[in-house]
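Here are the chains, one letter per residue:
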Amino acid sequence: MKKATSLIWILIWISGGVSAQKEYENNWILGYGVSNDNWKYHIGGMRVHFEGGEPVVDTMNVGPSDTFVTTMSDEAGELIFYSNGCSIFNSNYQVMDSGNHLNPGEVYDSYCDSEEDGTSYYPNFNLIISFPRPSHPGQYEVFHVAAEDGTYLSKTLYQTSIDMNVPGGLGKITAKNKELFSKTIVADALAACRHGNGRDWWILMPMVGEKTIYRFLLTPDTTLGPYAQQVGYDKKPYVLTPGQCCFSPDGKHYVHADPGNGVNLYDFDACTGLLSNAQRYYYAPDTAFCSGAAFSPNSRFLYVSTGVKLYQYDMWSPDIGASRIVIDDVNANPAPSPASIFVGRLAINDKIYFSSTGTIGYLHVINKPDEAGKACDFVQQGYKLPRLNDWIVPNIPYFRLFDQPGSPCDTLGIDAPISTKYVTAKSIISVFPNPVSTTLSINVQQAGYGSVREQTVDITDLLGRKLYSVKIDYDGHVELDTQALPPGMYIAVLRADGHHVQAVKFVVVRSEK
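Bear in mind the structure is a predicted one, so any value in this text is a computation, not a measurement.

Caption draft 1: Region of the structure containing the overall build of the protein. The number of helices and strands found in the protein is 1 helix and 33 strands. The burial tally for the protein puts 57% of its 513 residues in the buried class. About 20600 Å² of surface is accessible on the protein, with carbon and sulfur atoms providing 50% of the total.

So this is what it looks like as structure tokens:
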């Protein structure tokens, strides 16, 4: 009973297998203020999600104004929580159970007075980030930095733990504001990279006014650190000019760019967490009042913004500093009106989006970041938003990096999925009815496509434990009797030749007699 479909697939086949990455990066929360139909400007919140490659925007009432945002999606790509630095919100855009009162202190008291309705924000840049807890399905860790009372300089690193394995699936805070470290740090400098073992996470923070960089390691059982490393160049004292830190997608480079200290580039060892081969490249003094940084998907090109200009560096060049070229200048091409280029983020669709140091209804976009020079296709204000966005793109690590094959720490048997990209206009797998009480119909579009030898659907609980596995025939349809399953939420995971392709949630209910 295979049906005709207008679904378009772009497939890259390697070694005859297929896979897809887990979709932790799928959702971004953007916006500004609280929506008001009587207000002439388009304000409120937005959820940007990337199913099908191009971003799709849903609006919500409250936007996370200003600077301090992280988002987390589950492996099926569904939004599960986000934070504005004051509170943690669930997928219903409400404060999670015990999710308020992050980052305690004077700054919290001044800025987070409206945290229950989401209109508050914590006044720091890129100083919150979140991860699934290694080897603990359904559990997540959030790292966030609080500012010092009186000075507002970023100082104390906290860790907050979330358990999504609770009735209703909306999550609960199980530990909050656990202090890991306290010392004045750079105010835009929390970045993370997966360990070379493919499981754990490194978290790096550079210090103000010195060359010290601290690192932490998130493991299944604990957070190790801080470990200090003296490397590179001293940093100028803190100034109110924001910048950005990030890692390359291959996990081999780390960059910290800010107007006062230029571009500080390092090699990174994902096994030890150590930096080496420090290089510094300065901007022209009149071109930088803020800085953002993002690497291309293939890790060859580094893009650095300075507010006014966007530069490209070639990481494969024998002289990286000399390879710098100007991709665009805000003043030279102000369309539709000048807007600065600020924080950059590589999205799950392999495009790079930049925010602006202001409140505008656009994101700048690099459409082909793997291409050299102007061929990268940077478009100022190239993605129009339905509402205004205030400074931000969320701070999300690159989840599509796994182990470092052949490295001394590649000892856990965790391997990256075979490289395959699915660009699709809608879901590959669908289930009906949902909720279901008796028989669940599972449909797979384009079943048996190409060189795939076998497709199966695994039924798992929210902890990832496999309960059933059913084979998908060429017609793409199978029916599953759910009467033996207790009421609750489950996940149907589509696999092709054993590789994860896509997942969808469904709910089992019991009819009242």
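Moving on from the model shown.
Caption draft 2: Unusual backbone geometry, seen in detail. For the peptide bond that leads from Phe432 to Pro433, omega is -10°, which places it in the cis range. Assignment of secondary structure puts Pro433 in the loop between strand S27 (429-432) and strand S28 (439-444). Following Asn434, the chain continues into Pro435 via a peptide bond in cis, with omega recorded as 10°. Tracing the backbone through its elements, the reader meets Pro435 in the loop between S27 and S28.

Caption draft 3: Seen up close, the side chain of Asp328. Position of Asp328 among the secondary structure elements: in strand S22 (residues 325-329). One buried charged side chain, Asp328, makes no salt bridge at all; its nearest oppositely charged neighbour is Lys374, positioned 5.1 Å away. Within the structure, the side chain of Asp328 is placed 3.2 Å from the side chain of Gln380, a separation counted as a polar contact. Other than its neighbours up to four places away in sequence, Asp328 contacts Val308, Lys309, Leu310, Asn333, Lys374, Phe378 and Gln380.

Caption draft 4: Expanded view of the nonpolar core. The biggest cluster of nonpolar side chains holds 52 residues, and the ones touching the most others in it are Phe81, Leu157, Ile162, Phe181 and Met205. The contact partners of Phe181, leaving out residues within four places of it in the chain, are Lys155, Thr156, Leu157, Met205, Met207, Tyr214, Phe216 and Pro226. Within the second largest apolar cluster, 21 residues are counted, among which are Ile428, Val444, Leu485 and Ala492.

Caption draft 5: Molecular detail of the state of the cysteines. Under the counting rule described, the total for this entry stands at 2 disulfides. The disulfide partner of Cys86 is Cys112, and the S-S distance across this bridge is 2.0 Å. Given an S-S torsion of about -70°, the disulfide between Cys86 and Cys112 has left-handed geometry. Placement of the pair is Cys86 in the loop between strand S5 (79-83) and strand S6 (88-90) and Cys112 in the loop between helix H1 (106-111) and strand S7 (128-132), with a sequence separation of 26 residues. Under the relative-accessibility criterion, Cys86 is labelled buried at 0%. Taking relative accessible area as the criterion, Cys112 reaches 4% and is therefore assigned buried. Disulfide partner of Cys271: Cys409, at an S-S distance of 2.1 Å. With the S-S bond torsion at -75°, the cross-link from Cys271 to Cys409 turns out left-handed. Here the residue Cys271 occupies a position in the loop between strand S17 (262-268) and strand S18 (275-281), and Cys409 occupies one in the loop between strand S26 (378-390) and S27, the gap between them amounting to 138 residues. Taken individually, Cys271 and Cys409 each receive the classification buried, so the pair is uniform in this respect. Going through the protein in sequence order and numbering each bonded cysteine, the pairs you get are 1-2, 3-4.

Caption draft 6: Expanded view of the sheet that holds strand S3 (residues 56-60). The 3 strands are arranged S1-S2-S3 in an open sheet whose pairing can be described as antiparallel. Since the sheet does not close on itself, it has two edges, and those belong to strand S1 (27-32) and S3, each with one partner. Neighbour to neighbour, the strand axes of the sheet diverge by 25° on average, direction disregarded. Relative to S3, strand S2 (residues 44-49) runs antiparallel, the two sharing 5 bridges. Bridge pairing in S3 places Gly45 opposite Met60.

Caption draft 7: Focus on the packing of aromatic side chains. Under the defined criterion, the tally for this structure stands at 19 aromatic pairs. With a centroid separation of 5.8 Å and 70° between ring planes, the pair formed by Phe131 and Phe143 is classed as edge-to-face. A residue pair is termed long-range when its members are at least 10 positions apart, and Phe131 in strand S7 and Phe143 in strand S8 (residues 139-147) qualify at 12 residues. Judged by centre distance (5.6 Å) and plane angle (20°), the rings of Tyr281 and Tyr313 are stacked. With a gap of 32 residues between them, Tyr281 in strand S18 and Tyr313 in strand S21 (residues 309-314) connect regions that are remote in the sequence. One exposure class covers both Tyr281 and Tyr313, and it is buried.

Caption draft 8: View of the environment of Thr357. Once the C-alpha coordinates of Thr357 and Trp391 are considered, the two residues, 34 residues apart in sequence, prove to be 5.0 Å apart. Apart from the residues within four sequence positions on either side, Thr357 is in contact with Phe289, Cys290, Ser340, Phe342 and Trp391. A polar side-chain atom of Thr357 sits 2.5 Å from a polar atom in the side chain of Ser340.

Caption draft 9: Broad picture of the sheet that holds S26. Taken in spatial order, the 4 strands of this open sheet run S23-S24-S25-S26, and their pairing is antiparallel. Every other strand in the sheet has two partners, leaving strand S23 (344-346) and S26 as the edge strands with one partner each. With strand direction ignored, the average angle separating the axes of adjacent strands in the sheet is 30°.

Caption draft 10: How the structure looks around the pairing of S18. Summarising the sheet, S17 and S18 pair through 5 bridges and their orientation is antiparallel. Directly across from Asn264, in S18, lies its bridge partner Arg280. In textbook terms, the turn of a hairpin is the stretch between consecutive antiparallel strands, and for S17 and S18 this stretch comprises 6 residues, one of which, Gly273, has a positive phi near 75°.

Caption draft 11: Just the pattern of salt bridges, in detail. Using the criterion set out here, one finds 9 salt bridges in the structure. Where Glu54 meets Lys351, a salt bridge forms, and the shortest distance between an N and an O atom there is 2.8 Å. In this pair, Glu54 is assigned in the loop between S2 and S3 and Lys351 in the loop between S23 and strand S24 (352-354), connecting sequence segments 297 residues apart. By relative accessible area, Glu54 is classed as partly exposed at 42%.

Caption draft 12: Molecular detail of the confidence of the model for the protein. Here the protein shows a mean pLDDT of 83. Residues at 70 or above account for 82%. Residue range residues 1-20 is modelled with pLDDT below 50. Its contacts to residues more than four positions away, or to other chains, number 59 contacts.

Rules used in this analysis
- Residues numbered from 1 in each chain as written.
- Predicted model: local features only at pLDDT ≥ 70, side-chain atom pairs only at ≥ 80, totals over all residues.
- Heavy atoms only, no water.
- Helix = DSSP H or I, 4+ residues; strand = E, 2+ residues; numbered from the N terminus.
- Buried < 20%, exposed > 50% of the residue type's maximum accessible area, 1.4 Å probe, protein only.
- Areas by Shrake-Rupley, 256 points an atom, 1.4 Å probe, with all protein chains shown as cover.
- Lys, Arg positive; Asp, Glu negative; His and termini not counted.
- Salt bridge = Lys/Arg side-chain N within 4 Å of Asp/Glu carboxyl O.
- Polar contact = N/O pair within 3.5 Å; in protein donor to acceptor, adjacent residues only side chain to side chain.
- Contact = heavy atoms within 4.5 Å.
- Core = buried A, V, L, I, M, F, W, Y, C linked by side-chain atoms within 4.5 Å.
- Disulfide = S-S within 2.5 Å.
- Pairing = 2+ DSSP bridges.
- Axes fitted to C-alpha atoms, helices over the stretch in contact; angles between N-to-C directions.
- Phe/Tyr/Trp six-rings, centres within 6.5 Å; stacked < 30°, edge-to-face > 60°.
- pLDDT = per-residue confidence, 0-100.

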